[in-house]
Every structure is written in structure tokens, then in C-alpha cells.
Amino acid sequence: MMASEDGYIPVKGHLTDSINAMPDFHREEMPDFTINEYHPLIDSSNMTPGDWQRIADDIFDKYERYDGFVVLHGTDTMSYTASALSFMFKNLSKPIIVTGSQIPFSQLRSDGQVNLLNSLYIADKYPINEVSLFFNNKLFRGNRSIKAYADGFNAFDSPNLPPLLEAGINIKLVEGTSNEQREAPCEVLNITPQPIGVVHLYPGISTKVIENIIQQPVKALIIRSYGVGNAPQDEQLLACLKKAHDNGIVIVNCSQCIKGTVNMSGYATGASLSKCGVISGGDMTLEATLTKLHYLLSQDYTVDKVRELVKENLRGELS
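Notes on the structure in this doc start here.

What to know about the packing of aromatic side chains
One pass over the full model with this rule turns up six aromatic pairs. Taking the centre distance of 6.1 Å and the plane angle of 40 degrees together, the rings of phenylalanine 25 and phenylalanine 105 count as tilted. Taken together, the residues phenylalanine 25 in the loop between helix 1 (14-20) and helix 2 (49-61) and phenylalanine 105 in the loop between strand 3 (96-99) and helix 4 (112-125) connect sequence positions 80 residues apart. A single burial state applies to phenylalanine 25 and to phenylalanine 105, both of which are buried. Ring plane angle 55 degrees and centroid distance 4.9 Å describe the contact between phenylalanine 135 and phenylalanine 156, whose orientation is recorded as tilted. Residue phenylalanine 135 is located in strand 4 (residues 131-135), and its partner phenylalanine 156 is located in strand 7 (residues 156-157); the two are separated by 21 residues in the primary sequence.

Here it is as C-alpha cells:
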């Protein structure tokens, strides 16, 4: 990003020139790397499933030529991209690390230099062969990460899984496994744009709001529920959800709380959702749930199969 009259904007070649001008990236201890810069560059707020596919295809096209991959990404939708890539890649035997910065790379006090330097170094010396997200000296599983803070260097968190690795004075593996190999060849499973609704419950929410969200052609609905998965005992609302389920819409219950798991059997207000066909999202993040649904709905699965796979731990996204 470079400063402009309208705020920071992405500028072609600026990042590559900045990296090439910094000696630390070319020290003997650092791996050899090449930079593939997209054109046009976009702000991460403009990301779409098509961009996830482009990144995945580019990595897969170069998979045999490199030992690892680092994706430089804006922070606003970084967790969505890391989650999406985790579902798209099957049988990974090389690391894919998504990283970025809160302060643009070339600006004074930017955290981008340290984040990128560490990402390259870790991908080479401590390869954890999955899609991960590195930020502020911590490597998180990509589909467990969330952007938790808008304006701090510790912008990202993983509420329901410890970091894979911590990069302090010493680099320490925590939850990650170094250089785990898989016998089956790596595959990329495509994602296409899918009509998915998200509704955040609040006191007094009208059934009409949900009815409008699940109009055709919506294929799935994510409910941001209270606590451990509770919702109002409103007969009209429950009837609306039951009708949506019967019409083939996949409904997933995710808590508004960032830490903990959905347990719809704990309270009557949660059990009533289960009776309507609503599926528990467990301790998945919103980002993981949304991208997992994108992935599953992009495959040739029946609705019942999608509902079954939502509840299964496919890429470490679910405890």
C-alpha cells in the first residue's frame, strides 16, 4: 500500500521494490524466494471466492517447483482466505503461510517486514504442512484464525486452538507438527461462489428478517446464536427455520461468542433449533464455517451429504 489523497491504495511494483531494497531478506540464513505480484492489486475488502480460486490455482501450478508458499494479504479478509485455502488443498505436504501487516510495508514502524521475514524463515526452517496464518510472532492454523483486533499489532487470534508455533527469542512448536508428509498427492478442490446467508440474532429480531435472508437461491444459512447455541423460543421463527430445512437449505448454528463451542442439548432454547434440523457448528469460527460451506456446496454432494460433512473435522477446523 502507498499513501494517496483517498487513503492507502495498492500500487503495482511497490512491495517488490521495497523487499528487494531490504538487506535482511537476502541474508545467507534466508531461503531463496521469488515474488509473484498480481495485476491488478486489490484491497482485501474486495476479495471474492474467485480470488481464493486464483491463489489456489497459482500455488498448485508451481507446487512442484517450490518448497513452500507465502501469501501476502490484507488483514480485513485474511482469515477468510486462509480458511478457504485450507479446504481447497487436500493432502498438503508443503507449508502455505498467509501473512500481512497492520501498517503498510514501506511505512515507518510497519509490522509487515517482521511478519514476512518470519513467514519466509519458518516456511523454510520449520515447515508445518498446512495452511496457516502468521501474525505478531504467532503461527495459527488458518481455519482457526480470526481478526480479533482492528488496530493492534496482535490483530489475529485463535480462540479455540493454541498457536501452531511461537516465534520468540527461540522458535517453539506448540500445536504444529513439523514437515509431516502425506503419501497421497496434493489436490486442489475448486470453490465457486455460493449464495450463503448469515444472520446475527439479537433481542426482538423479526422472523421477517430471516425469511428475507433465506429467499431463493440461498443454499445455506449461518445463525450467529447466543452463548452455547441458543435462540428465541419464537414459534414463527422456529417454523421458518424448519421450512427452510425442509426446502433443502443447510442451516448451521455458530455462537456469537468467539471462544467455546455450540451445545444445542444444554438448554431447551438450543434443543428447539436441533428439532428444526439446524446443525451444530461446534467451535468453528464464522470464517471457517462460511468457507467450509462454500467448499462443500461447490462439490457434487447431495444436501444430506453436505449436512453430514459440515459436522466432520475435515482440515483441523473443528475440535
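Details of helix 3 (residues 78-88)
Of all 11 residues making up helix 3, 10 are buried, and the element is well covered by its neighbours. Burial in helix 3 covers these residues: Met78, Ser79, Thr81, Ala82, Ser83, Ala84, Leu85, Ser86, Phe87 and Met88.

As for the pattern of salt bridges
Taken as a whole and judged by the stated rule, the model has 12 salt bridges. Linking lysine 147 and aspartate 76 is a salt bridge whose minimum nitrogen-to-oxygen distance equals 3.2 Å. Of this pair, lysine 147 sits in strand 6 (residues 146-147) while aspartate 76 is found in the loop between strand 1 (69-72) and helix 3, placing the two residues 71 residues apart along the sequence. Among the residues examined, aspartate 76 registers a relative accessible area of 44% and is labelled partly exposed.

Focus on the sheet that holds strand 5 (residues 138-141)
The strand order across the open sheet formed by six strands is 1-3-4-5-8-9, and the pairing between neighbours is mixed. Either end of the sheet is taken by a strand with one partner, and the two such strands are strand 1 and strand 9 (171-173). With direction set aside, neighbouring strand axes in the sheet form an average angle of 25 degrees. Of the strands in this sheet, strand 3 and strand 4 are in contact with helix 3, which crosses strand 4 at around 155 degrees.

Let's talk about the pairing of strand 1
Burial of strand 1 is one-sided: the residues Phe69 and Val71 facing one way are buried, the residues Val70 and Leu72 facing the other way are not. Summarising the sheet, strand 1 and strand 3 pair through four bridges and their orientation is parallel. Along strand 3, the bridge assignment pairs leucine 72 with threonine 99.

Focus on the pairing of strand 5
Pairing analysis gives four bridges linking strand 4 to strand 5, with the strands arranged antiparallel. Paired with phenylalanine 135 across the two strands is lysine 138, which belongs to strand 5. Between strand 4 and strand 5, which pair antiparallel one after the other, the connecting turn spans two residues, and asparagine 136 there sits at a positive phi close to 50 degrees. Relative to strand 8 (residues 165-167), strand 5 runs antiparallel, the two sharing two bridges. If you follow lysine 138 over to strand 8, its bridge partner there is glutamate 166.

Quick look at the layout of surface pockets
Considering only enclosed or pocket space, the second largest pocket measures out at about 320 Å³ in volume. At the level of elements, helix 3 and strand 2 (89-90) are the ones that each hand at least two residues to the lining of the second largest pocket.

Some remarks on helix 2
Here helix 2 spans 18 Å end to end across 13 residues, near enough to the 18 Å set by a 1.5 Å rise per residue. Along helix 2, the residues classified as buried are Pro49, Asp51, Trp52, Gln53, Ile55, Ala56 and Ile59. Turning to helix 2, the residues buried within the fold contact strand 1, helix 3, strand 2, strand 3, strand 10 (187-188) and helix 8 (286-298).

A few points about the side chain of threonine 291
Relative to the helices and strands, threonine 291 is located in helix 8. Sequence-distant contacts of threonine 291, that is, excluding residues within four places in its chain, are made with Trp52, Tyr80, Ser83, Ala84, Phe87 and Ile191.

Considering the packing of helix 8 against helix 9 (residues 303-310)
Orientation of helix 8 relative to helix 9, taken along the N-to-C sense of each, is 145 degrees, at an axis distance of 10 Å. For the pair helix 8 and helix 9, the crossing hand works out as right-handed. Across from Lys292, Leu293, Leu296 and Leu297 in helix 8, the residues of helix 9 making contact are Val306, Leu309 and Val310.

Rules of the game
- Per chain, residues are indexed from 1 in the order of the written sequence.
- Local features in this predicted model are restricted to residues whose pLDDT is 70 or higher, and side-chain atom pairs enter the listing and the counts only when it is 80 or higher, whereas totals over whole chains, interfaces and linings include all residues.
- Computation of side-chain values covers all heavy atoms of the structure but excludes hydrogens and water.
- Whether two aromatic rings pair depends on their centres lying within 6.5 Å, for rings of Phe, Tyr and Trp, where Trp uses its six-membered ring; planes under 30 degrees apart make the pair stacked, over 60 edge-to-face, and the rest tilted.
- Starting at the N terminus, helices and strands are each numbered in turn, a helix being any DSSP run of H or I of at least four residues and a strand any DSSP run of E of at least two.
- Only protein chains enter the accessibility calculation, which uses a 1.4 Å probe. A residue is then buried if its area is under 20% of the maximum for its type, exposed if over 50%, and partly exposed in between.
- Within this document, salt bridges are pairs made up of a side-chain nitrogen of Lys or Arg and a carboxyl oxygen of Asp or Glu, the two lying within 4 Å of each other.
- Two strands qualify as a pair provided that DSSP identifies no fewer than 2 bridges between them.
- Between N-to-C directions, angles span 0 to 180 degrees; the directions come from axes that are lines fitted to C-alpha atoms, helices contributing only their stretch in contact.
- Only heavy atoms enter the contact rule, under which two residues are in contact if any of them lie within 4.5 Å.
- Cavities and pockets are defined on a 1 Å grid built over the protein atoms alone: a cavity is a set of grid points where a 1.4 Å probe fits but cannot escape, while a pocket is an open set with protein on both sides within 12 Å along at least five of seven lines, and lining residues are those with an atom within 4 Å of any such point.
- Grid points are joined across faces, edges and corners, and a volume is the space filled by probe spheres set on the points.
- The span one expects for a helix is its residue count, reduced by one, times 1.5 Å.
- A clockwise turn of the near helix away from the far one marks a right-handed crossing, whereas an anticlockwise turn of less than a right angle marks a left-handed crossing.

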